[in-house]
Structures are given as C-alpha cells and as structure tokens.
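Structure assessment
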Amino acid sequence: MRLRQSVHFFLFGMFVGLSLSGLILLSYTSWFRNKQMDELGGTDIVSMTPWLAPVVWEGTFDSIMIDSIFKQQNITIATTVFALGKYTRFLKDFLESAEEHYFVGFRVHYYLFTDQPEAVPEVKMGENHHLTVRRVPSLDRWQDISMGRMEILEKLIKNELANEADYIFCLDMDTKFYGRWGAESLGRLVGVIHPWFFDYPRDQFSYERRPESQAFIPAGEGDYYYTAAAFGGSLDDVHHLTKTCWEQLNIDAANSIEAIWHEESHLNKYFLYNKPSKLLSPEYLWRDISISAGQVKKIRFSHVAKNNAEVRPNF
C-alpha cells in the first residue's frame, strides 16, 4: 500500500514538475522573443533564437574548424539562380564574385535557369565548381518569375539532386559576394534574416495579413522576417519547403489571391511553423553595399543597386 502511494506521489510530483517546467519554458520563450525581437534596436546582436537555433554573425564561428569538419564529409552544395530578361546583366558579377568567396574549397554545382542561355558569360570555375545552364520560358510579370521558382526548385530536387548534392542554396541573381560564405552557413533548414527588417519590431513586419491567403500570419505572431532572396538547407528539408510553398501558391491562385510579397510571404509562413535550424544574419544578404550597415559590421553578400522599373517587366 505504501509502495503504491509512493508511486502515486512520485508520478504526481513528476506531473507538477513537468507542468512547471513547461510554464517556465513558455514564459522564457515569450520573454526572450519580446526582449530580442520587439526591443532589438540597440547595438547588441541576436546570436540565438528562442528555439535555440544559432544566428550566424562575424565572430560567432571558427572558419578553419568548421570548414575542416565539413570537408571531411566530401559534401556537394547545389546552388540555384534565375536570370530572366534583363537580369542576365548581373550574371558576370555574381559568378565571378561567387568564385572568389562562395564555398571556396568545396564541391559546388551551380544551376542557372535563364531564358537567354546565349547571354551567359564565360567565367572560369574553380576546382570542383561546375555550372549547368537550363533554359526556361520568358515571363511577362516579375511576380510570376519570382513565384515560379518554387515549382522549378521542387522538381529539380525531386528529379535530379538526390544523388548529386547534400545541401542546396537558392540565391537571387541581382547580387554580389564581398566576403566569405562558407560551411558556417550549412544546416538542416537555413533562413536569412531580411536586411530591411532585422532591427524592426515584429508588428512592422510585412507579413501577409489577409486570412483568405494561405500565407496569412495573424497579428502578434511571427519570429523574424526572412528574405526569399537566399535560403537553403538539406535536400529533404528544402524539397518539403518548396513543395509546400508551391502548393499554397496554387491554392491562392485558384482563389484569385496573390500574397503581398508573393513567394516570400509563403516562405515566411512556412518558417513560422517549420522553424529553421540555423539563421544567417543580414551579413549574408545586405540591401545595397553602398548603404550604411549599422551593427552589421561585415557584408558578405549584397543586392546591387539597380533601377527596378528598368530591369523588371511590368514593374
């Protein structure tokens, strides 16, 4: 009888302890998010998320050590870029700067999708770096170009990359590398904090707020605002991401809805409920190299200055 009572007291104690632990964790997560997200505006940087995923900044990693760890695994990084219409003008700077800074010493396979294969410049690839050019149809709306990437990426991973690569990054073409982008960026699911919103409070994030859209995020929810100009991870995780976003884009299209920021809105919805295992700071996608970076002390990868009305169809 005493043994049974002891067991009951033990189980009750465990239940109370776990409940209190849950409340403490919930309270901590709310405090952490409020402190690090809603009040981020000083000089301090966020180096870890509430779900304990690292945020990569200069000084948070040992480049020699992390490269040596991943090089032992003999990995290949697939990297996709899209250059349609006038965006082919950005190819040379992108590829040349990538060959100087992007996964130097690793196996990299670029997949370039363009409607003008003849416009692809001759750029010398480094050792174990390869470029494959794929023709895709021209499109009249830049929004369709942007949203159509998810379908192409989903099919590429599903049909071709299973035995060809270990990780994949999807990058915008109107960009240029200015510093190292290496193994510190690798993870199961990797999001990049948007350079325009990294120091904004959450209530100013430009999430999709219409409930009828599949990209809808209610007010008061959300962690970070992520850019669709750079994201990546393992093949399985990025395949699930692109497949989900493409399906939700199709549902919206069938209901004559277009999310406010197109595939980026759907990407943010996905990351809200499928937390990235690693976040890259705005060092890994800055808004323009000529713009002051504030607490972003090192620019590794940045959009280039351009006239959107001139390069984008129907802008």
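Summarised in this report is the structure supplied together with it. (Residues numbered from 1 in each chain as written. Predicted model: local features only at pLDDT ≥ 70, side-chain atom pairs only at ≥ 80, totals over all residues. Heavy atoms only, no water.)

1. Here we look at the sheet that holds strand S2 (residues 76-83)
Strand order in the open sheet made by the 8 strands is S1-S9-S7-S8-S5-S2-S3-S4, with mixed pairing throughout. The open sheet terminates on both sides in strands that have one partner only, identified here as strand S1 (55-56) and strand S4 (129-135). Pairing geometry for strand S7 (residues 189-193) and strand S9 (residues 278-280), over 3 bridges, is parallel. By the bridge assignment, Gly191 is partnered in S9 with Leu279. The strands touched by helix H5 (residues 235-254) are strand S5 (167-171), S7 and strand S8 (226-234); relative to S8, the strand with the most contacts, the crossing angle is about 140 degrees. Where helix H6 (residues 263-273) meets the sheet, its contacts fall on S7 and S8, and the angle it forms with S8 comes to roughly 50 degrees. (Pairing = 2+ DSSP bridges. Helix = DSSP H or I, 4+ residues; strand = E, 2+ residues; numbered from the N terminus. Contact = heavy atoms within 4.5 Å. Axes fitted to C-alpha atoms, helices over the stretch in contact; angles between N-to-C directions.)

2. Comments concerning the environment of Asp172
Structurally, the position occupied by Asp172 is in the loop between S5 and strand S6 (175-177). Owing to a relative accessible area of 19%, Asp172 belongs among the buried residues under this scheme. (Buried < 20%, exposed > 50% of the residue type's maximum accessible area, 1.4 Å probe, protein only.)

3. Here's the deal with the pattern of salt bridges
Counted under the stated rule, the structure contains 14 salt bridges. Between Arg180 and Asp67 there is a salt bridge, with the nearest N and O atoms lying 2.8 Å from each other. Placement of the pair is Arg180 in the loop between S6 and S7 and Asp67 in helix H2 (residues 63-71), with a sequence separation of 113 residues. Residue classification places Arg180 among the partly exposed residues on the basis of a relative accessible area of 23%. Judged by relative accessible area, Asp67 falls into the buried class, the value being 11%. For Glu96, the salt bridge identified is with Lys92, shortest N-O distance 2.5 Å. Here Lys92 and Glu96 lie together in helix H3 (residues 91-101), a separation of 4 residues that amounts to about one turn. Accessibility expressed as a relative area gives 42% for Lys92, which makes it partly exposed. Several salt bridges share partner residues, and in doing so they unite Glu58, Glu283 and Arg300 into one network. (Salt bridge = Lys/Arg side-chain N within 4 Å of Asp/Glu carboxyl O.)

4. With respect to the nonpolar core
Grouped together as the largest cluster of nonpolar side chains are 38 residues, with contacts concentrated most on Ile77, Tyr102, Phe103, Phe169, Leu171, Trp181 and Leu186. Put simply, the parts of the chain that give this core at least two residues each are H2, S2, H3, strand S3 (107-114), S5, S7 and S8. A total of 4 residues in this core trace back to one element, the largest contributor, which is H3. If we skip the residues at most four places from it in the chain, Phe103 touches Ile77, Val108, His129, Phe169, Trp181, Gly182, Ala183, Ser185 and Leu186. (Core = buried A, V, L, I, M, F, W, Y, C linked by side-chain atoms within 4.5 Å.)

5. Some remarks on H2
What H2 keeps buried is the set Ile66, Asp67 and Phe70. Along H2, the residues classed as buried sweep out an arc of 100 degrees about the axis, all on the same side. Exposed side chains of H2 directed beyond 90 degrees from the buried face belong to Ile64 and Met65. Structurally, H2 contributes buried residues whose contacts are with S5. (Arc of directions from axis to C-beta.)

6. Let's talk about the packing of aromatic side chains
The final tally for this structure, using the stated rule, is 27 aromatic pairs. Aromatic side chains Tyr224 and Tyr226 sit 6.2 Å apart centroid to centroid with 50 degrees between the ring planes, which places their arrangement in the tilted category. Since its relative accessible area comes to 1%, Tyr226 is described here as buried. Ring pairing ties together the aromatic residues Phe94, Tyr102, Phe103, Phe106, Tyr110, Phe169, Phe177, Trp181, Tyr284 and Phe301, which thus form one cluster. Above the plane of the ring of Phe106 lies Lys71, whose end atom (NZ or CZ) is 5.5 Å from the centre. (Phe/Tyr/Trp six-rings, centres within 6.5 Å; stacked < 30°, edge-to-face > 60°. Lys NZ or Arg CZ within 6 Å of the ring centre and 35° of its normal.)

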